[in-house]
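# Examining the three-dimensional arrangement
Listed here are the chains, written in short residue letters.
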Amino acid sequence: MKPWLTEQKMLLSRQIIDNRLPHAMLFSGVAGSGKLELAQWLIQVLLCQHPIKNSESHLLKSCRQCKTCQLYQSQTYPDHIIVSSQTKSIGVDEVRLVSRFLEKKSHIGINKTVLIPMAEKMTVSAANALLKTLEEPTDNSVIVLLSCDADSLLPTIISRSRLINLRPPVGNALLDGLVKNGEINSVPDINEHFINLTHLPELSDKKTQQQFLDFQEKLFIYLAYQQGQTLVLKTLVDEPSALRWLETITVNLMRVNYDWLAASKLNDDLRQRLEQKLKPDTLWKIYQVIVNSNKQMKSYSQVNNQFVMEKLLIDISELTLSAS
């Protein structure tokens, strides 16, 4: 269990015991923050026939022995559904299934639960269809939405759900928790002060860490010498994490400029060229361009990834050349 989820589990446990649990909840947080883990814990507790309560903390957990627990674990429990889609978006037809599902009586237990793992994928029509269900909830029903980007949801969806923001610790506190939880074996040789959960893939997997370092090297060569654009573009298009890597590297370069972070091990010529071209104001403009590209990628389900990444590199190139 991720240690930062304990407080939320205790809060939700008290609401269940006091019969005050909201009928709709939105768990928001970055990838790896524990949204799915918290949702699965909650749903199992709600569906369990004999939930167990800790006498001291009042924290609830499912018994994992009753019929409903066993059916849930085998993914055959009839009073729970997961709303997902094989395409880039969740359409209105998938959401209408929720209304029909909740209108029917439960087969085994008392509660009926719905999980929407990637709520930001809902189209506007789908979100409006869900809104009707949220406005007129059926008895003993709970809808749990998960999102890495709650701001992209309709404000009316957010206002009719209990928003729970999962905010994992950062820096040394995060690293200590991840080591104790067994998600990473040891603390890598990095500046711990700027670590957050978005770095977990690079922290926990040596292959991913090497891919990040390889991309960073290609990017530095491109920024310094205007060479290797094709290699950088290929990574941005093919690697889902590359845009996040680009943002991380840019932010770290800004920190180096302000003496907040030690410079990467670079040869003298490359370091001098980067220092010459990448002044703080230039890096800030590059960062803004990256953020805007990221917004485009998230906002449009049919966006042309190749074109957005090509435009991004052109804008970065123009900024670095104008600063020379």
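Below or above, wherever it landed, is the structure these notes cover. Within each chain, residue numbers correspond to sequence positions counted from 1 in written order. It should be noted that, the model being predicted, local features are given only for residues of pLDDT at least 70 and side-chain atom pairs only at 80 or more, the latter also being counted only at that level, while totals for whole chains, interfaces and linings use all residues. For the side-chain quantities, the full set of heavy atoms in the structure was used; hydrogens and water were omitted.

A carboxyl oxygen of Asp or Glu within 4 Å of a side-chain nitrogen of Lys or Arg is what we treat as a salt bridge. With the rule as written, the count across this model stands at nine salt bridges. One salt bridge in this structure joins Arg-160 and Glu-135, with 3.2 Å as the shortest N-O distance. Separated by 25 residues along the polypeptide, Arg-160 in the loop between helix H6 (155–159) and strand E7 (162–165) and Glu-135 in helix H5 (residues 124–135) bring together distant segments of the chain. Remark: exposure states derive from per-residue accessible area (1.4 Å probe, protein chains only) relative to the maximum for the residue type, with buried under 20%, exposed over 50%, and partly exposed in between. Residue classification places Glu-135 among the partly exposed residues on the basis of a relative accessible area of 42%. Between Asp-315 and Lys-311 there is a salt bridge whose closest N-O contact spans 2.8 Å. A residue pair is termed a helical-turn pair when its members lie 3 or 4 positions apart in one helix, as Asp-315 and Lys-311 do in helix H14 (residues 305–323) at four residues. One network of salt bridges, in which partners are shared, links Lys-2, Lys-9 and Glu-37. Helix and strand definitions follow DSSP, with helices as H or I runs of at least four residues and strands as E runs of at least two, each counted in order from the N terminus.

Time to look at the pairing of strand E5 (residues 112–116). Taken residue by residue, a regular strand's side chains alternate between the two faces of the sheet. E5 sits mainly inside the fold: five of its five residues count as buried. Here E5 shows two buried faces, one formed by Lys-112, Val-114 and Ile-116 and the other by Thr-113 and Leu-115. Pairs of strands are assigned from DSSP output, requiring at least two bridges between the strands. Bridge count for strand E4 (residues 80–82) against E5 is three bridges, and the pairing is parallel. Following the sheet pairing, Ile-82 is matched in E5 by Leu-115.

Another aspect to go through is helix H4 (residues 92–103). Under the 1.5 Å per step criterion, the end-to-end length of H4 is 17 Å for 12 residues, consistent within 8% with the ideal 16 Å. For H4, the set of buried residues is Val-95, Val-98, Phe-101 and Leu-102. Buried residues of H4 fall within an arc of 110° about the axis and therefore sit on the same side. In H4, the exposed residues that point more than 90 degrees away from the buried face are Asp-93 and Glu-103. The criterion used for residue contact is that any of the two residues' heavy atoms lie within 4.5 Å. Close packing links the buried residues of H4 with E4, E5, H5 and strand E6 (141–147). Working rule for helices: expected span equals 1.5 Å times residues minus one. Here the arc refers to the set of directions running from the helix axis out to each C-beta atom.

Let us look at the sheet that holds E7. Through backbone hydrogen bonds, the strands of a sheet pair up, either in parallel or in antiparallel fashion. In spatial order, the strands read E4-E5-E6-E1-E7; together these five strands make up an open sheet with parallel pairing. Among the strands making up the open sheet, the edge pair consists of E4 and E7. Geometrically, the sheet is characterised by an average inter-axis angle of 15° between neighbouring strands, direction not taken into account. Strands E4, E5 and E6 of the sheet are contacted by H4, whose axis makes an angle of about 170° with E5. Inter-axis angles, ranging from 0 to 180 degrees, are taken between N-to-C directions of lines fitted to C-alpha atoms, where helices are fitted over the stretch in contact.

As a further point, take the packing of aromatic side chains. Centre distance within 6.5 Å is the pairing criterion for rings of Phe, Tyr and Trp, where only the six-membered ring of Trp is used; planes under 30 degrees apart are then read as stacked, over 60 as edge-to-face, and the remainder as tilted. Taken as a whole and assessed by the stated rule, the structure comprises three aromatic pairs. Summarising the aromatic geometry, the rings of Phe-215 and Trp-245 are spaced 6.0 Å apart at their centres and angled 45° between planes, so their arrangement reads as tilted. You can see Phe-215 sitting in helix H9 (residues 206–225) and its partner Trp-245 sitting in helix H11 (residues 242–257), a full 30 residues away along the chain. Taking relative accessible area as the criterion, Trp-245 reaches 1% and is therefore assigned buried. Relative to Tyr-287, the ring of Trp-284 lies with its centre 5.6 Å away and its plane at 25°, an arrangement referred to as stacked. One end of the pair, Trp-284, and the other, Tyr-287, are both in helix H13 (residues 280–299), three residues apart, so they sit about a helical turn from each other. Linked through ring pairs, Phe-212, Phe-215 and Trp-245 together constitute an aromatic cluster. Should the NZ of a Lys or the CZ of an Arg lie within 6 Å of a ring centre and within 35 degrees of the ring normal, that charge is described as sitting over the ring. Above the plane of the ring of Phe-101 lies Lys-112, whose end atom (NZ or CZ) is 4.0 Å from the centre.

For the rest of this paragraph, the subject is unusual backbone geometry. Its identity as a non-glycine residue notwithstanding, Asn-19 has a phi of 60°, on the positive side. As for its position among the elements, Asn-19 is in the loop between helix H1 (6–17) and strand E1 (24–28). The exposure class of Asn-19 is exposed, given its relative accessible area of 71%. A positive phi is found at Asn-140, a non-glycine position, where the angle reads about 55°. Relative to the helices and strands, Asn-140 is located in the loop between H5 and E6.

Keep in mind these numbers describe shape, not what the thing actually does.
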